[in-house]
Amino acid sequence: MDGNGDHSAEPRYPDWESVYRDNVTRVYRMLYGKVGNRADAEDLTAEVFVAALGPLRLDASAPEVRAYLFTTARTVLAGHWRRTLGLQVTVLDGADERWLVDAGPEPAPPSTAPQRTATILAALPEPHRRILQLRFLDACSLREAAAALGITVGYAKVLQHRALKRAAALGEAGA
Amino acid sequence: MSTGRYVRDLLGGRRPRRFRADAAQAAELRAAITLAAARPEAGEPRAEFVEDLHRRLSEQAQQSASASAPTPSAARAPVPIRLGPTRRRVLWAGSVAAGAAAIGATADHLISSHAEPEEQTEAAGQVPTLEPNVGTWQTVAETSDLDVGGVRRFDLGSVVGFVSRDAAGLRAVSGICTHQGCRLNLDPGNRELDCPCHNTSFAVDGTLVRHQLYTPPPPLPHLQVREQDGRIDIYVPV
Ligand code: FES
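So, here's what we can say about the structure. (Residues numbered from 1 in each chain as written. Chains lettered and ligands numbered in written order. Predicted model: local features only at pLDDT ≥ 70, side-chain atom pairs only at ≥ 80, totals over all residues. Heavy atoms only, no water.)

Some remarks on the packing of helix 6 (residues 126–137) of chain A against helix 7 (residues 142–149) of chain A
Residue and element names in this part refer to chain A. One can describe the packing of helix 6 onto helix 7 by two numbers: an axis separation of 9 Å at closest approach and a directional angle of 140°. Considering how the two elements wind past one another, helix 6 and helix 7 form a crossing that is right-handed. Across from Arg-130, Ile-131, Leu-134 and Arg-135 in helix 6, the residues of helix 7 making contact are Leu-142, Ala-145, Ala-148 and Leu-149. Of the residues assigned to the contact of helix 6 with helix 7, the class counts are 6 nonpolar, no polar and 2 charged. (Axes fitted to C-alpha atoms, helices over the stretch in contact; angles between N-to-C directions. Helix = DSSP H or I, 4+ residues; strand = E, 2+ residues; numbered from the N terminus. Left-handed = near helix turned anticlockwise from the far one by under 90°. Contact = heavy atoms within 4.5 Å. Nonpolar A, V, L, I, M, F, W, Y, C, P; charged D, E, K, R; others polar.)

Here's the deal with the packing of aromatic side chains
Taken as a whole and judged by the stated rule, the model has 6 aromatic pairs over all chains. The interplanar angle of 80° and the centroid separation of 5.2 Å between the aromatic rings of Tyr-20 of chain A and Phe-49 of chain A together place this pair among those described as edge-to-face. With Tyr-20 of chain A in helix 1 (residues 16–35) and Phe-49 of chain A in helix 2 (residues 38–53), this pair connects stretches of sequence that are 29 residues apart. With respect to burial, Tyr-20 of chain A and Phe-49 of chain A carry one shared label: buried. Plain terms: the ring middles of Tyr-6 of chain B and Phe-19 of chain B are 6.1 Å apart, the flat faces sit at 70° to each other, and that makes the pair edge-to-face. Of this pair, Tyr-6 of chain B sits in helix 1 (residues 2–12) while Phe-19 of chain B sits in the loop between helix 1 and helix 2 (23–37), placing them 13 residues apart in sequence. (Phe/Tyr/Trp six-rings, centres within 6.5 Å; stacked < 30°, edge-to-face > 60°. Buried < 20%, exposed > 50% of the residue type's maximum accessible area, 1.4 Å probe, protein only.)

Here's the deal with the sheet that holds strand 10 (residues 208–210) of chain B
Residue and element names in this part refer to chain B. Across the sheet, which stays open at both edges, the 4 strands sit in the order 7-8-9-10 with antiparallel pairing between neighbours. If you trace the sheet from one side to the other, it starts and ends with strand 7 (185–187) and strand 10, each paired once. Taken pair by pair, the neighbouring strands of this sheet meet at an average axis angle of 35°, ignoring direction. (Pairing = 2+ DSSP bridges.)

Focus on the interface of chain B and chain A
Contact with chain B, which involves 75 residues of that partner, is made by 74 residues of chain A. The junction of chain B with chain A conceals about 6,600 Å² of combined surface from both sides, 62% of it contributed by carbon and sulfur atoms. Taken together, the connections running from chain B to chain A amount to 5 salt bridges. Where Arg-21 of chain A meets Glu-51 of chain B, a salt bridge forms, and the shortest distance between an N and an O atom there is 2.9 Å. Inspection of the region where chain B meets chain A yields 15 residue pairs in polar contact (both at pLDDT 80 or more). Looking at the side of chain B that touches chain A, the elements with two or more residues in it are helix 1, helix 2, helix 3 (47–67), helix 5 (96–103), strand 7 and strand 8 (192–195) of chain B. Per-element accounting of the side of chain B that touches chain A gives the leading share, 13 residues, to helix 2 of chain B. Across the side of chain B that touches chain A, the residue classes tally to 42 nonpolar, 13 polar and 20 charged. (Buried area = accessible area lost by both parts, 1.4 Å probe. Salt bridge = Lys/Arg side-chain N within 4 Å of Asp/Glu carboxyl O. Polar contact = N/O pair within 3.5 Å; in protein donor to acceptor, adjacent residues only side chain to side chain.)

Focus: the nonpolar core
Side chains of nonpolar character tend, in soluble globular proteins, to be buried together. Ranked by size, the top nonpolar core spans 86 residues in total, and within it Phe-49, Leu-132 and Phe-136 of chain A together with Leu-193 of chain B carry the most contacts. If one sorts the elements of this core by residue count, helix 1 of chain A sits on top with 10 residues. Those residues in contact with Phe-136 of chain A that sit more than four places away from it in its chain are Leu-164 of chain A together with Val-7, Leu-11, Ala-32, Leu-35, Ala-36 and Arg-39 of chain B. Listed in part, the 12 residues of the second largest apolar core include Leu-146, Leu-156, Leu-223 and Ile-234 of chain B. (Core = buried A, V, L, I, M, F, W, Y, C linked by side-chain atoms within 4.5 Å.)

Brief notes about the pairing of strand 5 (residues 160–166) of chain B
Residue and element names in this part refer to chain B. Of all 7 residues in strand 5, 6 are buried, a share of seventy percent or more. Note: strand 4 (residues 151–155) against strand 5, 5 bridges, orientation antiparallel. Across the sheet, residue Val-151 finds its bridge partner in strand 5, namely Ser-164. Looking at chain direction, strand 5 and strand 6 (residues 169–174) are connected through 6 bridges and run antiparallel. Residue Ser-164 lies in a different strand from strand 6, and its bridge partner there is Arg-171.

What follows is the structure, encoded as structure tokens:
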């Protein structure tokens, strides 16, 4: 499609604005998948762009720019966990990098969380699966989840904790 | 039970509070994060956040550009960023105005558009012309280089675009996609300008030919063009 003789390279960004516009959603989604909440995802996304846009070179290709954003995001996420929980709870790995760097023009679906979640949930016994489904995916309050399951709020709390423990064990086994 | 509080915050949409976690707790939190991130509405950045961060980055760009202003005349210039003919290799500098030309916003002290942004989308067929407040005519081609039916790319550093000639005369349009600012490529066979980022194409007169976006991007802004003494000139900001 390119008929002007500029075949030399991959697409390039004309300026930082286009780097930002093209990647802000991708970076945000990627980080959201690793922290699970908006406040942290917003802060970390801002940190990535503030740190990365200064040293970026205009002559880098779009995939190179994204690879650089990814590296910055990985460092930023590591710093976040060091500060907040003292150990690396989630990491950005090769799969995330491929997702960001190779992603087509329209932002891809948010990470692999939905598939991973489906796998985890499918492996849990019924009450555990139900409470996590209600609390995490259907955004029910503890009270609503308890009512839906016909149990007390106190027991719903215990059940959720056990279910998470079990999900964690599954997650570790699968990791 | 600090993991419990962390998960409560996560589910309540609050910023989770920090604590010293051990490995078992980290595994639980990892599972909770995976589950929370799989919510259907999760992962969509708020528009206000995206715009606010954009504004902060613009400010940072302007600061770093004025801090590194290379000449006294640039330092005296009334605009925060000098758009010289020499393209900087550093992404920050010189890019805000190019982006503004693409987006039709921010640097209106530098480039004024004949149409307000709302009018651009409202008035069908009405294409804005980007007219710098302070500019110069710069030659982009010889008359003999551009026959009827011809299209040529030009790159003046601060402005990139395409100039074309048809039966009605000369025309110049910005070479920056109005969607997110990627640089357009010329497909001379079809007299089309293709965006490599999201498969959008414009005709050489700036009108939208095809796109795959949720909302159609605006037409390409026109640039002022003139022909004299055998040369084709474009009016660009200094
Ligand atoms: S930037 Fe051109 S279509 Fe998206």
